[in-house]
Amino acid sequence: MKIIVTKDYETLSEKAAEIMISVVRENPNAVLGLATGSTPIGLYRLMAEDHQKNGTSYKNVRAVNLDEYLGLPPTNDQSYRYFMRTNLFDHLDIDLSETHIEDGLAKDEAAECARYDALLRNLPRDIQLLGIGANGHIAFNEPGTPFETETHVVSLTENTIAMNARFFKSEDEVPRRAFTMGPKSIMEAKKILILAVGENKARAVREMAEGPVSPSLPASILRLHPDCTLIADEAAASLLKKGE
Ligand code: PGA
């Protein structure tokens, strides 16, 4: 795993934007694996600015997202489909019909997981962007998820529900279940970019980069990927033995 430590969030977002934009510039038909959460918001703002200023085009880019809450319609402002539109897609020239995410309203959960796995096989990702949870989760793959898991439905842990409650009016409104790409699906991307910001991620970052490779810390699987870059701000990198 290549590790880049930046002094602050803005610099982290700039480095991440350089990587994402270069993937699109090298391949205008790129497939981008995208993520939600507070971490990539600065990156998405810079991608939108670059599109507007420098004309990087997403006309032929396809996007697949990691996860979606069960039970939220795409119009709900807490759904991840909504997040992607407002934070990124609405500011690019991307064709919305080529932006994919699990259907949070799917009635047949198993069929929806199978549909998404088939879609991922048809759209090999050039890059997969990730955040990391304070407990080491990637997407909604919580500790203990077997590495070979593909798209599945998860019950969110109390920790994740509490973390995500800040986006809802109250903790009661946070959906309890979600669809998520599995660790196996994540690892199939050609390149992985994982971002970590803030002191509350420091322990997970250390475990990911220096602890055992084990499903008890889902992000540790990324050490087995041949082309994975971690960008961490100084706070998130503060417990790492080795610096950059
Ligand atoms: P965050 O979430 O970007 O909101 O910190 C990351 C994650 O939990 O995967």
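Higher on the page you've got the structure.
Along the polypeptide, Glu112 turns up in helix α4 (residues 109-122). Spatially, the C-alpha atoms of Glu112 and Glu102 are 7.1 Å apart, while their sequence positions differ by 10 residues. Contacts of Glu112, omitting those with residues within four sequence positions, involve Glu102, Asp103, Ala106 and Phe179. At 2.7 Å, the side chain of Glu112 and the side chain of Arg115 are in polar contact.

Next up on the list: the nonpolar core. Among the nonpolar cores identified, the biggest contains 64 residues, and Leu32, Tyr44 and Leu222 are the most heavily contacted of them. Top contributing element to this core by residue count: helix α1 (residues 9-26), with seven residues. Phe140, Ala165, Val174 and Ala178 belong to the second largest nonpolar core, which has 12 residues in total.

Looking now at helix α2 (residues 41-54). In an α-helix, one full turn covers 3.6 residues, which means residues spaced three or four apart are oriented alike. Over its 14 residues, α2 extends 19 Å from the first C-alpha to the last, a length consistent with the 20 Å expected when each residue adds 1.5 Å. Structurally, α2 contributes buried residues whose contacts are with α1, β2 (31-34), α3 (80-87), β6 (127-130) and β9 (192-196).

The local shell around the ligand consists of Gly37, Ser38, Thr39, Gly131, Ile132, Gly133, His137, Arg166 and Lys201. Measuring from an oxygen atom of the ligand, one finds a side-chain N or O atom of Ser38 at 2.9 Å. Here an oxygen atom of the ligand sits 2.6 Å away from a polar atom, N or O, in the side chain of Lys201. Starting from 280 Å² of accessible surface for the ligand in isolation, the protein chains cover 80%. Among the residues making up the shell around the ligand, the classes are represented as one nonpolar, six polar and two charged.

So, on to α3. Considered for burial, the residues of α3 that qualify are Tyr80, Phe83 and Met84. Buried positions in α3, seen along its axis, are confined to an arc of 95 degrees and lie on one side of it.

The next point concerns the pairing of strand β8 (residues 177-180). By the bridge criterion, three bridges tie strand β4 (residues 67-69) to β8 in an arrangement that is antiparallel. Across the sheet, Tyr69 pairs through a bridge with Ala178, a residue of β8. For strand β7 (residues 152-155) and β8, the ladder comprises four bridges, and the chain directions are antiparallel. For Val154, the partnering residue across the bridge sits in β8 and is Ala178.

One non-glycine residue with positive phi stands out, namely Ala139, at about 50 degrees. With respect to the helices and strands, the residue Ala139 is situated in the loop between β6 and β7.

This next bit is on the pattern of salt bridges. It is possible for side chains bearing opposite charge to pair when their charged atoms get close. Across all of its chains, the model carries 12 salt bridges by this definition. Taking the shortest distance from any N to any O, the salt bridge between Arg115 and Glu112 comes out at 2.7 Å. With Arg115 and Glu112 both in helix α4 and three residues apart, this pair spans about one turn of that helix. Taking relative accessible area as the criterion, Arg115 reaches 37% and is therefore assigned partly exposed. Put simply, Glu210 and Lys241 hold a salt bridge, and the shortest N to O gap is 3.7 Å. Note that Glu210 is positioned in helix α7 (residues 202-210) and Lys241 in the segment after β10 (228-233), a separation of 31 residues in sequence. Since its relative accessible area comes to 71%, Lys241 is described here as exposed.

Rules of the game
Residues numbered from 1 in each chain as written. Predicted model: local features only at pLDDT ≥ 70, side-chain atom pairs only at ≥ 80, totals over all residues. Heavy atoms only, no water. Helix = DSSP H or I, 4+ residues; strand = E, 2+ residues; numbered from the N terminus. Contact = heavy atoms within 4.5 Å. Polar contact = N/O pair within 3.5 Å; in protein donor to acceptor, adjacent residues only side chain to side chain. Core = buried A, V, L, I, M, F, W, Y, C linked by side-chain atoms within 4.5 Å. Buried < 20%, exposed > 50% of the residue type's maximum accessible area, 1.4 Å probe, protein only. Expected span 1.5 Å × (residues − 1). Near = heavy atom within 4 Å. Areas by Shrake-Rupley, 256 points an atom, 1.4 Å probe, with all protein chains shown as cover. Nonpolar A, V, L, I, M, F, W, Y, C, P; charged D, E, K, R; others polar. Arc of directions from axis to C-beta. Pairing = 2+ DSSP bridges. Salt bridge = Lys/Arg side-chain N within 4 Å of Asp/Glu carboxyl O.

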